[in-house]
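Architecture and fold: a report
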Amino acid sequence: MSVKTFRGGIHPEGFKELSLGGPVTPYLPQGDLVFPVNQHIGKPAKPVVKKGDLVKAGQIIAEADGFVSANIVSSCSGKVKAIEERATASGTTATCIVIENDGEFSLLEGVGKKHHAGTFSNKDILDAIQRAGIVGMGGAGFPTHVKLTSKNPESIDYIIANGSECEPYITCDDRLMQNQSRGILDGLRLVLQLFPDAIGVIAIEDNKPEAIKSMEAVCAGEKGVMVQPVQAKYPEGGERNLISVVSGRDLKFGQLPADVGCIVCNVASLYAIYRACYFSEPLMKRYFTVSGDAVAHPGTFEVPIGTSYQELVEAAGGIKPDVTLKKALSGGPMMGIAMPSLSAPITKASNALTLLSEDDVELAEAQQTACIRCGRCSRVCPIHLIPQMMADAAEKKNYEQYEKRLYGLDCIACGSCTWVCPAKRPLMQLFKQAKAEILAAKRK
Ligand code: SF4
Ligand code: SF4
């Protein structure tokens with residue numbers, strides 16, 4: 001099948017080979033596990049346990065507060081040690097439930113046993129997804145049951161399984177597609193049942209030949225499901241870009257994927273849907289990449305949610321003895337968040353920890369000059385925005401211009417413009433700041 005792509009984008013070095021070798025290591029944390037109640041877009045979940053309670057792995061410890069919210073489940077057995085404010089990977093704090101891990105990982109009765117022959121009503125599927133607390137696991141964190149609840153399911157033509165994983169260094173979805181292709185396909189089939197007129201398209205960048213082979217092997221002979229290789233280009237995995245590549249439809253400013261007949265689900269979320277339906281297993285572990293030039297043994301781990309980033313650094317052999325860690329990112333180098341501390345926990349939408357010996361932001365600050373109007377930033381923007389003008393408006397805090405004339409709120413903070421800018425302007429940082437201030441003003 002021919003390889004497709006979108007207009008714009010960049011080709012940063014992938015560094016995927018660092019973490020692709022070796023087996024996926026199931027990691028059992030030793031220390032306390034920490035569960036922020038706001039691991040999703042929407043209202044934070046409400047704790048339903050109190051200090052001193054004993055819990056099992058798979059037990060709901062915070063319940064969704066309303067429809068646009070998600071349950072939080074303990075991934076270990078032990079005792080509730082505290083419910084308190086703790087630092088998260090973004091550097092902000094959140095209410096967290098801290099479980100003193102007893103090291104047994106005893107499962108709640110009924111969790112994790114294959115019990116279903118494979119016939120589900122649509123309500124069974126949506127209830128299982130909601131109960132399991134599944135959210136977008138590619139980083140978005142949007143509650144999946146909300147995304148899949150449609151008043152008009154016949155209007156959806158495409159369910160796009162996002163296996164593109166375009167960020168440098170990150171390889172956990174690649175490994176998941178290689179190891180769990182059947183489960184991903186079964187998860188996709190469950191979603192397709194909810195949308196009777198849709199076909200399933202599994203989009204995978206062409207720098208993942210093993211994942212493509214593995215998914216093509218399980219999809220062979222399956223009606224209404226296909227694998228679509230897409231060009232390895234950043235940010236190929238952005239929702240708008242994938243929709244354009246797979247369906248040929250362009251999202252207009254302010255439109256949602258469903259408005260053009262598409263729903264995009266990360267492959268890890270599809271696998272979680274399969275586990276929730278067939279095994280009554282809530283979302284309590286995930287594939288996770290530890291990589292970067294500063295860590296001794298980069299690799300992929302299957303890790304319980306709530307594990308601290310610090311523990312995983314140690315599991316990956318620690319920081320190389322001859323290297324100084326300059327930057328730790330939750331995620332990859334393009335869209336990841338610089339972490340002030342490694343004590344924060346891994347959440348449902350965390351997919352990677354990237355440990356680097358250079359801080360590119362620090363280097364860029366030292367070299368920054370005025371804009372030379374070269375236009376490179378506009379040429380690579382996948383959303384077809386005008387970053388140099390957005391940056392001018394953001395610097396002057398002219399947010400009327402930024403939002404209404406330049407459509408700055410549509411920026412997906414992919415960082416492509418920053419990456420190509422010869423003047424080393426901190427474009428993406430300006431846009432994130434502008435968006436945060438505009439949205440805060442709107443909330444007021
Ligand atoms: S960060 Fe925003 S403005 Fe810059 S290329 Fe990405 S989408 Fe376009
Ligand atoms: S890439 Fe940088 S220097 Fe070139 S127009 Fe954009 S902001 Fe200006």
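Residues numbered from 1 in each chain as written. Chains lettered and ligands numbered in written order. Predicted model: local features only at pLDDT ≥ 70, side-chain atom pairs only at ≥ 80, totals over all residues. Heavy atoms only, no water.

So, the overall build of the protein
What the protein contains, in helices and strands, is 15 helices and 17 strands. The C-alpha atoms of the protein give 21 Å as radius of gyration, which agrees with the globular expectation for 444 residues (22 Å, within 12%). In terms of its C-alpha atoms, the protein occupies a principal-axis envelope of roughly 65 × 50 × 50 Å. Counting every position in the protein, which comprises 444 residues, the buried fraction comes to 54%. Sequence-distant contacts, at least 24 apart, represent 73% of the contacts inside the protein between residues at least 6 apart. Accessible area of the protein: about 19,200 Å², with a carbon and sulfur share of 52%. (Helix = DSSP H or I, 4+ residues; strand = E, 2+ residues; numbered from the N terminus. Rg over C-alpha atoms; globule rule 2.2 N^0.38 Å. Buried < 20%, exposed > 50% of the residue type's maximum accessible area, 1.4 Å probe, protein only. Contact = heavy atoms within 4.5 Å. Areas by Shrake-Rupley, 256 points an atom, 1.4 Å probe, with all protein chains shown as cover.)

Section: the packing of helix H5 (residues 181–194) against helix H8 (residues 267–279)
In the contact formed by H5 and H8, the axes pass within 7 Å of each other and the chain directions differ by 80°. One finds that H5 runs roughly perpendicular with respect to H8. Where H5 abuts H8, its residues Gly183, Ile184, Asp186, Gly187, Leu188, Leu190 and Val191 lie against Val267, Leu270, Tyr271, Ile273, Tyr274, Cys277 and Tyr278. Residue classes in the contact of H5 with H8 are distributed as eleven nonpolar, two polar and one charged. (Axes fitted to C-alpha atoms, helices over the stretch in contact; angles between N-to-C directions. Parallel < 35°, antiparallel > 145°, perpendicular 65-115°, else oblique. Nonpolar A, V, L, I, M, F, W, Y, C, P; charged D, E, K, R; others polar.)

What to know about the domain arrangement of the protein
The assigned domain composition of the protein is domain 1 (112–279) and domain 2 (362–443). Using only C-alpha atoms to locate each centre, domain 1 and domain 2 end up separated by 31 Å. Each partner contributes to the interface: domain 1 provides six residues, whereas domain 2 provides eight residues. The largest share of the area that domain 1 buries against domain 2 comes from Tyr234, Arg240 and Phe253, three residues that together contribute 68% of it. Taken together, the links from domain 1 to domain 2 amount to one salt bridge. Residue Arg240 is joined to Asp410 by a salt bridge in which the shortest nitrogen-to-oxygen separation is 2.4 Å. Applying the counting criterion to the domain 1 and domain 2 interface returns two residue pairs in polar contact (both at pLDDT 80 or more). Partitioning the side of domain 1 that touches domain 2 into residue classes produces three nonpolar, two polar and one charged. (Domains from an automatic or database assignment. Buried area = accessible area lost by both parts, 1.4 Å probe. Salt bridge = Lys/Arg side-chain N within 4 Å of Asp/Glu carboxyl O. Polar contact = N/O pair within 3.5 Å; in protein donor to acceptor, adjacent residues only side chain to side chain.)

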